[in-house]
Amino acid sequence: MKNLSICLIILLTAVYGCSELGVSKSDSAVSAGAGTGGSMARFTVAGNTLYLVSSTTLRAYDVSNSKNPTPGKETKLGFGVETIFPYRGNLFIGTQTGLIIYDATREGDPRFLSRYNHVMSCDPVVVQGDLAYVTLRSGTACRNITNTNVLDIIDVSNLAAPRILKSVPMLNPHGLGVDGNVLFVCEGDSGLKMFDLNNPTDPKLLQHITDVRSYDVIPSRDVLIVTGKDGIYQYSYADRKELKLLSKLPIDPIL
């Protein structure tokens, strides 16, 4: 039982690298990719390079020899760095003040492309196609003095000049995930939402589940893994209209 508890703690930390208040509990997280990793992950692997974000830096490690990872380039990012999400050879880095985009096509040598600034807030991000979906939420650790709780939709078709297209009001959004024509947004203590993305710039709410305290999600192959304060949930979204609970693995809350 003790080993199981330790494994669960590692999994929860991996899937959502930021805590309830937006402060990292760990610099380690599962690899984040479109539909396969949590939006609050703090490291990812691209090719033979492991990229790890701390609160101020992006660090590259050569993992071509998996038994002997070699530290590589360290890039200063500023303060309040929270998450990293890779997509199509680029790194999308969420910070408390904005979204930073790096070109990661050169192994271990990321190159700055642009920064999109927003109000100071907690900021996980996922990307699909030419759009980035970013949640901003209030929280004392994120110093969101404007009490902003929104889903921002950002056009990243020109990586050098991202621009906001729309802000959708939310309750207290945390992690999020996207898979084709569906978008999932965790609302913390206020539940879990599923949106229709047939129009990717105009999400339509399909379902709001209020009895789960959700913090991050991993959508993959019609199964949604949800991390919450009291456990790990699995939902089916096969019909794209309604989430159906498959299982729940209860855990004691991590304080």
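Use the structure listed above.
As the structure is a prediction and not an experimental result, all values here were calculated from the model.

A.B. asks: I keep staring at the overall build of the protein and nothing clicks. Help me out?
C.D. replies: Summing up its helical and strand segments, the protein has one helix and 20 strands in all. With 255 residues in all, the protein has 52% of them scored as buried. Expressed as a percentage of contacts within the protein between residues at least 6 apart in sequence, the contacts between residues at least 24 apart total 43%. Total accessible area computed for the protein in this model is approximately 11200 Å², and 54% of it derives from carbon and sulfur atoms.

A.B. asks: When you look at the environment of valine 182 in this model, what are you seeing that I'm missing?
C.D. replies: Mapped onto the secondary structure, valine 182 falls in strand β14 (residues 182-186). Sequence separation of valine 182 and aspartate 196 is 14 residues, and the distance between their C-alpha atoms is 5.0 Å. In contact with valine 182, not counting residues within four places along its chain, are Gly177, Met194, Phe195, Leu197, Tyr237 and Arg240.

A.B. asks: Hey, could you run me through unusual backbone geometry in this one?
C.D. replies: If a residue is not glycine, its phi is most likely negative; likewise, a peptide bond is most likely trans. Positive phi outside glycine occurs at arginine 221, with the angle close to 55°. Locating arginine 221 in the fold gives a position in the loop between β17 (214-220) and β18 (223-228). In the Ramachandran plot, aspartate 222 falls in the positive-phi region, its phi being about 70° despite a non-glycine side chain. Assignment of secondary structure puts aspartate 222 in the loop between β17 and β18. According to the relative accessible area criterion, aspartate 222 is partly exposed, its value standing at 28%.

A.B. asks: When you look at the nonpolar core in this model, what are you seeing that I'm missing?
C.D. replies: Nonpolar side chains in soluble globular proteins tend to end up buried together. With 27 residues, the main nonpolar core has Phe92, Leu99, Val125, Val127, Tyr133 and Leu183 as its most contacted residues. For this core, the leading source of residues is strand β10 (residues 131-136), giving five residues. Residues within four places of leucine 99 in sequence aside, it is in contact with Phe92, Ile93, Gly94, Ser114, Arg115, Tyr116, Asp123, Val125, Ala132 and Ile154. Of all hydrophobic cores here, the second largest spans 14 residues; its members include Phe184, Val217, Leu224 and Tyr235.

A.B. asks: Could you clarify how one ought to interpret the sheet that holds strand β3 (residues 57-62) in this entry?
C.D. replies: Through backbone hydrogen bonds, the strands of a sheet pair up, either in parallel or in antiparallel fashion. Judged by pairing direction, the sheet is antiparallel, and its four strands sit side by side in the order β1-β2-β3-β4 without closing on themselves. The strands lining the two open edges of the sheet, one partner per strand, are β1 (43-46) and β4 (70-76). On average, each strand axis in the sheet is tilted by 20° relative to the strand beside it, whichever way the strands run. Judged from the five bridges that link them, strand β2 (residues 49-53) and β3 form a sheet pairing that is antiparallel. Paired with leucine 52 across the bridge in β3 is arginine 59.

A.B. asks: Hey, could you run me through the sheet that holds β14 in this one?
C.D. replies: Taken together, the four strands give an open sheet; going across it, the order is β13-β14-β15-β16, and neighbouring strands pair in antiparallel fashion. With one partner strand each, in any of the chains shown, β13 (176-179) and β16 (204-209) form the two edges of the open sheet. Strand-to-strand twist of the sheet, defined as the mean angle between neighbouring strand axes without regard to direction, takes the value 20°. Two strands pair when backbone bridges link them, and β14 and strand β15 (residues 192-196) are joined in this way by five bridges, in the antiparallel orientation. Within β15, the residue paired with valine 182 across the bridge is aspartate 196.

About the criteria used
- Residues numbered from 1 in each chain as written.
- Predicted model: local features only at pLDDT ≥ 70, side-chain atom pairs only at ≥ 80, totals over all residues.
- Heavy atoms only, no water.
- Helix = DSSP H or I, 4+ residues; strand = E, 2+ residues; numbered from the N terminus.
- Buried < 20%, exposed > 50% of the residue type's maximum accessible area, 1.4 Å probe, protein only.
- Contact = heavy atoms within 4.5 Å.
- Areas by Shrake-Rupley, 256 points an atom, 1.4 Å probe, with all protein chains shown as cover.
- Core = buried A, V, L, I, M, F, W, Y, C linked by side-chain atoms within 4.5 Å.
- Pairing = 2+ DSSP bridges.
- Axes fitted to C-alpha atoms, helices over the stretch in contact; angles between N-to-C directions.

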